[in-house]
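A structural walkthrough
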Amino acid sequence: MEDQKPLMGTTTMIMSSSFNMMIKHSWPFLLLLFTVIAVFTIQSTVEQQPSSFFFSPSWAFSGQPDSPDTAEPLPTCSWFFLPIPPARFVASITDFGGVGDGETSNTEAFRKAVEHLRKFQGRGGSQLNVPRGRWITGSFNLTSNFTLFLEEGAVILGSLDPKDWPIIEPLPSYGRGRERAGGRHISLIHANGLSNVVITGLNGIIDGQGKMWWDQWWNRTLKHTRGHLVELMNSNNIMISNLTFLNSPFWTIHPVYCSNILVKNMTILAPLNAPNTDGIDPDSSTDVCIEDCYIESGDDLVAVKSGWDQYGIRMGRPSSNIVVRRISGTTPTCSGVGIGSEISGGVSNITIEDIHVWNSAAGIRIKADVGRGGYMTNISVANLVLDGVKIPIKFSRGANDHPDEGWDPKAVPRVKGIFIANVVSLSSKKAPELFGIKDLPYEDIYMKNISILGLSSSARWRCEYVSGFTSQVYPPACPQLPIDTGVGSSS
């Protein structure tokens, strides 16, 4: 067994890879840089603009200095994950016949290892180490009070045999597979009904080898919904940290019906044209912390969800108390952070801050539709730096995307209380587009300190079925969001 291998308690486990540390400590510099650019860009035109236009950049200077001697700790929500002691029993995948040669299938080795280590979930917990090598495997389940630890140079590779990704039941809040009717392929790494689980390491890699699944999607030969790279169901107190996830067949990290989830210091990469390869999608989950991650994908970097149409309404499982902080990345077809469009169980108390997105379709996107039902309330977004983003802020509707004929056209989502502040968007292609729903307009929308730069002189905000106020916004917002005269321009 593994007496000499790394034994990880959560007090030592929350460490950054060098790349993610670079991202974290570059935030004050990035904010300062983009603010200076914004100020110089608008300085020459400020005299022609109304006084309400003035961009107040003071928030950009409130970050921590670069010097490690004077830096204060960055704010964190990592306490959502409750610390667990080091595992009492440690083993290696090689103890169960694993061979890391990049050719041998290790599906049975991983399944045997977890089955054996399940015996220790009530006896101090266990840890499975994956040493340097290339370990091909099909899907395997985890167990409670368990750590999966990838050592430096360890690469877990998803099997290229579809039979190694079995079909499982659809999620009850979706009623069917998200892409195809019926069941869905299980994720590569799966957890259901577990607690106190850690997936971490020394920047090891989990590679879903998703190309064969993307090809089936593009060729329209996909028979069942693709599997995720990691899916956590009905579980609590889970941490995923300090790893690189590559090439997920579908959404990369999908916690659903979960609580107390921490995703921190992760690098998530997929080709920018890989369909639906969302980075992190908390779904009908509470107390979720996502911070200090770098993501490139063919879909939303982060998307908050809570079930699909009548199935999500019936289950009524909301997503709430979610923090998304210090996320950087790019997605040419989707958004940096999205909410929806599957919000049928409700979404509330979402905090999104310190986001850096470039060369993407949208910065922040709120997605809803007739038939979804549910609600979206108390959404706070602050400190966005966007560069080359087509539409910095977008509220969209009308996807006409429903699971079956049983959806209710009278089920209209209630959207109220969205606060967006401190946004600098450079080389923007379009002004914000805010489209609510006719039967139940979005209420209490408030935007402050928004500078959308690089637009043509004819660019205008486009708004329908929304109401609220703005302050210190350029270019001026639509008539539905008048200037809040009760807020001073110097604040």
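Cut-off values and rules
- Residues numbered from 1 in each chain as written.
- Predicted model: local features only at pLDDT ≥ 70, side-chain atom pairs only at ≥ 80, totals over all residues.
- Heavy atoms only, no water.
- Buried < 20%, exposed > 50% of the residue type's maximum accessible area, 1.4 Å probe, protein only.
- Helix = DSSP H or I, 4+ residues; strand = E, 2+ residues; numbered from the N terminus.
- Pairing = 2+ DSSP bridges.
- Disulfide = S-S within 2.5 Å.
- pLDDT = per-residue confidence, 0-100.
- Contact = heavy atoms within 4.5 Å.
- 1 Å grid on protein atoms, 1.4 Å probe; cavity = no way out; pocket = protein on both sides within 12 Å on 5 of 7 lines; lining within 4 Å.
- Points joined across faces, edges and corners; volume = space filled by probe spheres on them.
- Nonpolar A, V, L, I, M, F, W, Y, C, P; charged D, E, K, R; others polar.

**Comments concerning the pairing of strand β13 (residues 230-233)**
On a regular strand, each side chain points to the face opposite its neighbour's, so the side chains alternate between the two faces of the sheet. Residues Val230 and Leu232 line one face of β13 and the alternating positions Glu231 and Met233 line the opposite face, and both faces are buried. With four bridges joining them, strand β10 (residues 189-192) and β13 adopt parallel strand pairing. In the sheet register, Ala191 faces β13, and the bridge partner there is Leu232.

**Focus: the state of the cysteines**
Tallying each qualifying case throughout the model produces two disulfides. Here Cys77 connects covalently by a disulfide to Cys289, the sulfurs 1.9 Å from one another. Torsion about the S-S bond of the Cys77 and Cys289 cystine: about 75°, corresponding to right-handed handedness. Placement of Cys77 in the loop between α2 (18-43) and β1 (89-92) and of Cys289 in strand β19 (residues 286-296) is noted, with a sequence separation of 212 residues between them.

**So, the confidence of the model for the protein chain**
Parts of the model with low pLDDT should not have their predicted coordinates read in detail. Here the protein chain averages 89 in pLDDT, while 85% of its residues score no lower than 70. Within the protein chain, no element has a lower average pLDDT than α2, which sits at 44, and none a higher one than strand β12 (residues 205-207), at 99. Scored below 50 in pLDDT, residues 10-26 shows 40 contacts in the model against residues more than four places distant or in partner chains.

**Let's talk about the layout of surface pockets**
Over the atoms rolls a probe the size of a water molecule, and in doing so it shows where empty space is left. There is about 430 Å³ of room inside the largest pocket. By residue class, the composition of the lining of the largest pocket is six nonpolar, five polar and 12 charged.

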